[in-house]
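# Observations on the model geometry
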Amino acid sequence: MWFRSLSKLGASLALALWLAPLAIAKQTNHDFALVDYCPAGFKFNEHSVCKLDSIYNTYKSPHNSGVGGLKAGLPELRDGFRPEVIDLGRYLFFDPILSSDGSLACSSCHDPELGFSDGKGRAVGIHGQILERSAPSLWNIGFFQRLLWDGSKASLEEQMLGPLYSELEMGNTPENLLKTLNDNATYRAMFAEAFHSGTGTSANTNADTIRLDMVYEALTAFESSLISLNSRFDFYAHGAHNALAPSELEGLNVFRSFVSRCGECHTPPLFTNQQLAIIGVPEPEDRPFDPGAGATSGIPEQRGGFRVPSLRNIARSAPYMHQGNFETLRETVGFYNKGRGHAVPEDESLLIHWHIWDPNLRDEELDRLVDFLHALTDEGFMPEIPMRVPSGLPPGRAIKAQALTVRTP
Ligand code: HEC
Ligand code: HEC
């Protein structure tokens, strides 16, 4: 008996010796070596996973206390991933191999250069299909407890099944996604490296097989690494009094005031309280009324409700609201000034949030609000946009809206 297992050991040793140089070659020869250090803003904890390192973590007050309190703490972040897993997620995010025909990556609709959105009122899916809503920014998305405009998804993993497998978005199937990834030797090596699978002396040929949960985890890890918390507003909040220009400071004061009430819903530091609110934004012309949360939660009182969006990097992600209803920030803040529920269709009786009223802000105050919103821009932790991805396909980028408009002579 021992003789047989010895010879088995010998065989697997030989196999391991034969495989070892191959494994090294795999790791060094492809250009997709995964980094072993945490992204900017994160540091290793005692378990060698990356945790957010932010001054905000020293502020204890709950994030939803008060109107625009400066030293408010952050909600919990979905962090704690190994750097290799985060970096693998970065390649997956930009790789159109995730769509059924190789035409769309996550980054085609969530383009880092457009605030991780796409510059369009309504996103464009596979075969040019126009979706119902606009692609939101993904900055700080790892802090969110409810996802999508209508707040109907509870985790990043759950949310991504939508775009991956919807016939309107990336049109893939779990089976096809797994097959294309497993057919790619570079990805197999990268997944093995990131998840410590397929290493050692195991002769099990399935050891480096990519599983769906690994794909979802890597994408989640990358998404959760998109942190923007170092804007001029933040320096001001941490005590640098000169960080905001006078016009921006005026804007902050309007934003925090009991007249405008912006800070009640767009609560610092994330500039959202993550609640659903019914504010009655008018749909773009010829578009049917969007019932928002009312359609997905099954609660009739939530008709017309949307999750309060974060305003971080808001200057980068025009147009605004759930269908790109407004082109500019000035137009967007102007909406809040025209009387409670003024934009609701006549045949709708929505339960407009009581903070949406007629604040009667002067034009200059609206201008200062816009100035302030610009002080929320910080892309200092922008991840590196890969020039090449393991599939060999061109990395996904948003097609600029101008390129789509038909020019009339
Ligand atoms: C065809 C364009 C498109 C593609 C491709 C796409 N998305 Fe999106 N994404 C959207 C749109 C549109 C929404 C908003 C949908 C809604 O709320 O109804 C969205 C919403 C999200 C949200 C929720 C954001 C929030 O504020 O709650 C996350 C997270 C997200 N996408 C991640 C991804 C990931 C990861 C991928 C790749 C697997 C991906 N998306 C691919 C268009 C796209
Ligand atoms: C009652 C809660 C509430 C209050 C008060 C409020 N907002 Fe909003 N805000 C929302 C919701 C909900 C949305 C998304 C609505 C939609 O898409 O239909 C939104 C969207 C926005 C957007 C567009 C975000 C994007 O990603 O497109 C901006 C900018 C904005 N609000 C600024 C302000 C300002 C400035 C004020 C104060 C004048 C304010 N908000 C007051 C709830 C609120």
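Quick look at the structure, then. None of these values were measured; they are calculated from a predicted model.

### With respect to the overall build of the chain
- The helix and strand tally for the chain stands at 14 helices and 4 strands.
- Counting the 409 residues in the chain, one finds 49% classified as buried.
- Considering only contacts within the chain whose residues lie at least 6 apart along the sequence, 69% involve residues at least 24 apart.
- Here the chain has roughly 19,900 Å² of accessible surface; of this, 56% comes from carbon and sulfur atoms.

### Some details on the site of ligand 1
- Surrounding ligand 1, one finds 25 residues, the nearest of these being C106, C109, H110, L148 and R307.
- Here a nitrogen atom of ligand 1 and a side-chain polar atom of Q159 are 3.2 Å apart.
- One of the side-chain nitrogen or oxygen atoms of R307 is found 2.8 Å away from an oxygen atom of ligand 1.
- Because more than half of its atoms lie within 2 Å of the grid, ligand 1 is assigned to the largest pocket.
- Elements with a minimum of two residues in the shell around ligand 1: α3 (106-109) and α4 (156-165).

### Quick word on the nonpolar core
- Membership of the largest hydrophobic core comes to 90 residues, with the highest contact counts inside it found for L88, L92, L98, Y187, V215 and L373.
- Among the elements that make up this core, the one with the highest residue count is helix α7 (residues 212-224) (8 residues).
- Domain assignment of the residues forming this core places at least three in each of domain 1 (42-228) and domain 2 (232-374).

### Let's talk about the packing of α4 against α7
- Direction vectors running N to C along α4 and α7 enclose 110°, while the axes themselves pass 10 Å from each other. Comparing the axis directions of α4 and α7 gives the class roughly perpendicular. Judged by residue contacts, L156, E157, M160, L161, L164 and Y165 of α4 engage L212, Y216, L219, T220, E223 and S224 from α7.
- Taken together, the residues of the contact of α4 with α7 sort by class into 8 nonpolar, 2 polar and 2 charged.

### Re the state of the cysteines
- Per the stated rule, a full pass over the model turns up 1 disulfide.
- The disulfide bridge from C38 ends at C50, spanning 2.2 Å between sulfur atoms. Measuring handedness by torsion sign, the sulfur bridge of C38 and C50 sits at about -90° and is left-handed. Of the two residues, C38 is situated in the loop between α1 (2-29) and β1 (42-44) and C50 in strand β2 (residues 50-52); the sequence distance between them amounts to 12 residues. C50 shares its class with C38; the two are buried.

### Considerations on the layout of surface pockets
- The calculated volume of the largest pocket comes to roughly 960 Å³.
- For the largest pocket, the lining is made up of 47 residues, of which L131, L148, Q159, P163 and E169 are closest to its centre.
- Ranked by residues supplied to the lining of the largest pocket, first place goes to α4 with 6 residues.
- The residue inventory of the lining of the largest pocket, partitioned by class, reads 27 nonpolar, 11 polar and 9 charged.
- Here the lining of the largest pocket gathers at least three residues from each of two domains, domain 1 (42-228) and domain 2 (232-374).

### Some points on the coordination of the iron atom of ligand 2
- With distances of 1.9 to 2.0 Å, the protein atoms coordinating the iron atom of ligand 2 are H266 (NE2) and Y336 (OH).
- Angles of 86 to 180° at the metal separate the 6 donor atoms of the iron atom of ligand 2, which places the site in the octahedral class. Taken together, the positions of H266 in the loop between α10 (262-265) and β3 (276-278) and Y336 in the loop between α12 (329-335) and α13 (363-374) put the pair 70 residues apart, joining distant regions of the chain.
- We classify H266 as buried; its relative accessible area is 9%.
- By relative accessible area, Y336 is classed as partly exposed at 28%.

Criteria and thresholds
Residues numbered from 1 in each chain as written. Chains lettered and ligands numbered in written order. Predicted model: local features only at pLDDT ≥ 70, side-chain atom pairs only at ≥ 80, totals over all residues. Heavy atoms only, no water. Helix = DSSP H or I, 4+ residues; strand = E, 2+ residues; numbered from the N terminus. Buried < 20%, exposed > 50% of the residue type's maximum accessible area, 1.4 Å probe, protein only. Contact = heavy atoms within 4.5 Å. Areas by Shrake-Rupley, 256 points an atom, 1.4 Å probe, with all protein chains shown as cover. Near = heavy atom within 4 Å. Polar contact = N/O pair within 3.5 Å; in protein donor to acceptor, adjacent residues only side chain to side chain. 1 Å grid on protein atoms, 1.4 Å probe; cavity = no way out; pocket = protein on both sides within 12 Å on 5 of 7 lines; lining within 4 Å. Sits in = over half its atoms within 2 Å of the grid points. Core = buried A, V, L, I, M, F, W, Y, C linked by side-chain atoms within 4.5 Å. Domains from an automatic or database assignment. Axes fitted to C-alpha atoms, helices over the stretch in contact; angles between N-to-C directions. Parallel < 35°, antiparallel > 145°, perpendicular 65-115°, else oblique. Nonpolar A, V, L, I, M, F, W, Y, C, P; charged D, E, K, R; others polar. Disulfide = S-S within 2.5 Å. Points joined across faces, edges and corners; volume = space filled by probe spheres on them. Donors = N, O, S within 2.8 Å, 3.2 Å for Na, K, Ca; no water. Tetrahedral: all angles 85-135°; square planar, octahedral: opposite > 155°, others 65-115°.

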